[in-house]
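Here is how the chains run, residue by residue.
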Amino acid sequence: MALSREAIVEGLQELLGPDQIVTDEQVLRERSIDNFRKLEHIFDTYTLPPPAAVAIVRSTQDVAAVLAFADRHGINVVPRTGGTATEGGLETVVPDSIVVDGSQMNRIIGIDPYDMQATCQCGVPLQELEDRVRGVGLTTGHSPQSKPVAHMGGLVATRSIGQFSTLYGGIEDLVVGLEAVFPGGEVARIKNVPRRAAGPDIRHVVIGNEGALCFITEVTVKLYPYLPENNIFLGWTLESMKTGFEVLREVMVAGYRPSVARLYDPEDGSLHFSHVAAADECVLLFMAEGTSGIAKATAEGISEIVARHPECSPVDGDLIRTWFEDLTWGPEKIAAEDERIRATRNVNRTTEVSAAWSSIHDIYEAAIARIREEIAGVTLLGGHSSHSYVNGTNMYFNYFYDLGDVPPEEEANRIYLPIVAIICEETLRRGGSIVHHHGIGKARARWARDEYGSSYSILEKLKQAFDPSGVMNKGTIIA
C-alpha cells in the first residue's frame, strides 16, 4: 500500500532528522520544476504536483538511506543539486515525490597537482572548484555558461559540456572516477585510473543518467595547466553559414584543437557582435590556448585555413576577447532576464542538436525555415555552432518569441515544445542527434525511441536492471 504524504514526511524525518526535511509549501512548488518551465517560476503559476518533501542530504549515507526508503515504498525520487537543468529532468511529475537535494554535499575533498585531478562532492559549484584549482595554476577545462551556479553532480548527470570543449572535451572526457548510490541504497565506487580495458567502461552507466538510474555523490575530474597569458583570440565576418561550417570542418580535420571554435548566424550574432559585423553577416571566431608554442601554432594554422576562403574578413581579436569575458550567467544575469520576461512577456529559449558535417547545414536551414513558417510571434530566430569534432559539430538554435495572450503556464506546451519538435524532427530526418549537451530530461524523452532506434532496448534493459521498482526520476530519458 502506498504511503500517504504525511507518512513519507514522517519516514524521512526519522531517517535524517527534521532539520534536513523541507516541507515549506513555496519551496515545494519551486522544486517541482526546472528551467524548462521557468515561466511558471517567473510568474508564480506552478502546475505540476509538488513533492511531498525535499530531503537535504549531507553524506553518501544519507543518500543511501533515502533511496532505500523510497525503493521499499515505491516512492518516486528526483535527484537535484544546482537546479540549472533545462529539459524538465527535475520536474516532479509523480505526486508525492521526494526531491533529494545534494547541494549541501559541497566539500572539495582533494586537489592533486601531481596526478592532475580533483575530487569533490556532488554539491560543489563548478565555479568554486575552478577558482580553487586556478589558485594552484590549474583548470578543470570545463566552462559552461552556468558555471557560477551549476554543481558538479548535476553536470555529470546531464553529460554537460563547456565552452572550451573543442580542446578539453565534454564532462565525459574529464571524469576519472566517481561514486553513486543506486535504488535500494547500494553504493558503487568507480576508481580513479587514467584508462582501463577491464570490460565495458561502466562510468558511462552513470555519466548522463540524469537521475534516472542513480544519485551521483562524488566525482573526480582531470586537471590541466592554466595559462591564460597565452590565449590568442581570432575572428572573421563572412556571408554564409555554409562557408563557416566548411571552415570549422577544415580546422578540425586538419587536427587543430582550439579551445573555442564558434560560428554565429546574423540574427544570433546580432545579440553579441553588432559592433563587429553588419546585420547580414555571420561571425566566425576561435580561441587558441595552451603553452605559447601550441597556442601560436594553432592560431597560425587556423589563419592559414581561413585565408583560403576569401569570403572571410578579419576582425580585431581584442573585440572577440571582450565578448568572451562576459559569457557566463550567474544569479544577477538570471534575475535580470527573469525581470525582462515579466516586463515584456518576450521569452528567450534555446535548443541544441548535433550532426555530421554533411548534414548540419541542411538541419539548420530546414529547422529555421519551418519555425518561421509555423510558429507565430517569433521576434528573433538564429543559432550558432559552438562544439566541433573531426566528424561533425553541434547547432545551438537561439530564439525569442512574444507570449501574446498565451498564459505563462501554457507557454511550454503551446509554443516552446512545438519549436523543439520542429528542430528534433528535422534533425532526426537527417540522421543527427536531438540533443548535444542539455540532456533529454522529460521534455525530449518523447523522441528517445527515434533517437536510439534499434539500440533503445539497451536503454530499457539498463533501467530495468538498475531501477526495477521504477522509483528513479520517472519520465526522464524513458518516457
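Described in the following lines is the structure provided in the data block. Quantities reported herein were computed from a predicted structural model and do not represent experimental measurements.

Before going further, it helps to examine the overall build of the protein chain. A count of helical and extended segments in the protein chain gives 18 helices and 19 strands. In terms of its C-alpha atoms, the protein chain occupies a principal-axis envelope of roughly 70 × 60 × 45 Å. With 43 positive and 65 negative side-chain charges, the protein chain shows a separation of 4 Å between the mean positions of the two kinds.

Next up on the list: helix H13 (residues 317–324). Listed in full, the buried residues belonging to H13 are Gly-317, Ile-320, Trp-323 and Phe-324. One side of H13 carries all its buried residues, which in axial view fall inside an arc of 115 degrees. Packing partners of the buried residues in H13 comprise strand S12 (232–238), strand S13 (260–264), strand S14 (282–288) and strand S15 (313–315). Its side-chain oxygen placed 3.0 Å from the backbone nitrogen of Asp-318, Asp-316 serves as the N-cap of H13.

In terms of nonpolar packing, the biggest core is built from 64 residues, with Phe-286, Phe-397 and Tyr-399 touching the most fellow members. Looking at this core, the element that brings in the most residues is helix H16 (residues 411–429), giving 10 residues. Ignoring sequence-local partners within four residues, the contact set of Phe-397 consists of Arg-349, Thr-350, Thr-351, Val-353, Ile-363, Tyr-364, Ala-367, Ile-368, Gly-382, Gly-383 and Ile-423. Judged by nonpolar contacts, the second largest core, of 26 residues, contains Ala-118, Ile-171, Ile-190 and Val-219.

Turning our attention to the sheet that holds strand S8 (residues 175–182). Taking strand neighbours across the sheet as the criterion, the five strands line up as S5-S6-S10-S8-S9 in an open arrangement whose pairing is antiparallel. For this open sheet the edge positions go to strand S5 (108–112) and strand S9 (186–190), each flanked by a neighbour on one side alone. If you compare each strand with its neighbour and ignore which way they point, the axes differ by 10 degrees on average. Taken together, the five bridges between S8 and S9 define a ladder with antiparallel strand orientation. Across the sheet, residue Leu-178 finds its bridge partner in S9, namely Ile-190. Each of S5, strand S6 (117–121) and strand S10 (215–222) touches helix H5 (residues 126–134); the most contacted strand, S5, lies at about 35 degrees to it.

Now for unusual backbone geometry. One non-glycine residue, Met-116, lies in positive phi territory at about 55 degrees. Checked against the element boundaries, Met-116 lands in the loop between S5 and S6. Among the residues examined, Met-116 registers a relative accessible area of 23% and is labelled partly exposed. Not every positive phi belongs to a glycine, and Asn-473 is a case in point at roughly 50 degrees. For Asn-473, the position within the fold is in the segment after helix H18 (456–466).

Strand order in the open sheet made by the four strands is S1-S2-S4-S3, with mixed pairing throughout. Looking at which strands have only one partner, the edges of the open sheet turn out to be strand S1 (21–22) and strand S3 (77–80). Of the pairings in the sheet, the one linking S3 to strand S4 (residues 98–101) comprises four bridges and is parallel in character. Paired with Val-78 across the bridge in S4 is Val-99. Where helix H4 (residues 60–73) meets the sheet, its contacts fall on strand S2 (53–56), S3 and S4, and the angle it forms with S4 comes to roughly 165 degrees.

Our focus in this paragraph is the packing of aromatic side chains. Within this structure, the stated rule accounts for 13 aromatic pairs. Between Phe-164 and Phe-324, the aromatic rings sit 5.6 Å apart at their centres with planes inclined by 35 degrees, giving tilted as the arrangement. Placement of Phe-164 in the loop between helix H6 (152–157) and helix H7 (165–168) and of Phe-324 in helix H13 is noted, with a sequence separation of 160 residues between them. For Phe-164, a relative accessible area of 9% translates into the label buried.

Moving on, we come to the side chain of Ser-103. Inspection of the secondary structure puts Ser-103 in the loop between S4 and S5. Within the structure, Ser-103 has its side chain in polar contact with the side chain of Asp-101 (distance 2.7 Å). Residue contacts for Ser-103: discarding those within four places in its chain leaves Arg-80, Thr-81, Gly-123 and His-151.

As a further point, take the pattern of salt bridges. With the rule as written, the count across this model stands at 28 salt bridges. Linking Arg-189 and Glu-179 is a salt bridge whose minimum nitrogen-to-oxygen distance equals 2.9 Å. In this pair, Arg-189 sits in strand S9 while Glu-179 sits in strand S8, placing the two residues 10 residues apart along the sequence. Under the relative-accessibility criterion, Glu-179 is labelled buried at 8%. What you see here is one network of salt bridges that share partners, running through Arg-370, Glu-374, Glu-425, Glu-426, Arg-429 and Arg-430.

In this section: the pairing of S13. S13 sits mainly inside the fold: five of its five residues count as buried. Neither face of S13 is exposed, since Val-260, Arg-262 and Tyr-264 on one face and Ala-261 and Leu-263 on the opposite face are all buried. Here five bridges tie S13 to S14, and the two strands are oriented antiparallel to one another. Looking across to S14, one finds that Tyr-264 is bridged to Val-283. Judged from the two bridges that link them, S13 and strand S17 (residues 378–385) form a sheet pairing that is antiparallel. Looking at S17, one finds that Leu-263 is bridged to Ser-385.

Cut-offs used in this document
Residues numbered from 1 in each chain as written. Predicted model: local features only at pLDDT ≥ 70, side-chain atom pairs only at ≥ 80, totals over all residues. Heavy atoms only, no water. Helix = DSSP H or I, 4+ residues; strand = E, 2+ residues; numbered from the N terminus. Lys, Arg positive; Asp, Glu negative; His and termini not counted. Charge placed at Lys NZ, Arg CZ, Asp CG, Glu CD. Buried < 20%, exposed > 50% of the residue type's maximum accessible area, 1.4 Å probe, protein only. Arc of directions from axis to C-beta. Contact = heavy atoms within 4.5 Å. Polar contact = N/O pair within 3.5 Å; in protein donor to acceptor, adjacent residues only side chain to side chain. Core = buried A, V, L, I, M, F, W, Y, C linked by side-chain atoms within 4.5 Å. Pairing = 2+ DSSP bridges. Axes fitted to C-alpha atoms, helices over the stretch in contact; angles between N-to-C directions. Phe/Tyr/Trp six-rings, centres within 6.5 Å; stacked < 30°, edge-to-face > 60°. Salt bridge = Lys/Arg side-chain N within 4 Å of Asp/Glu carboxyl O.

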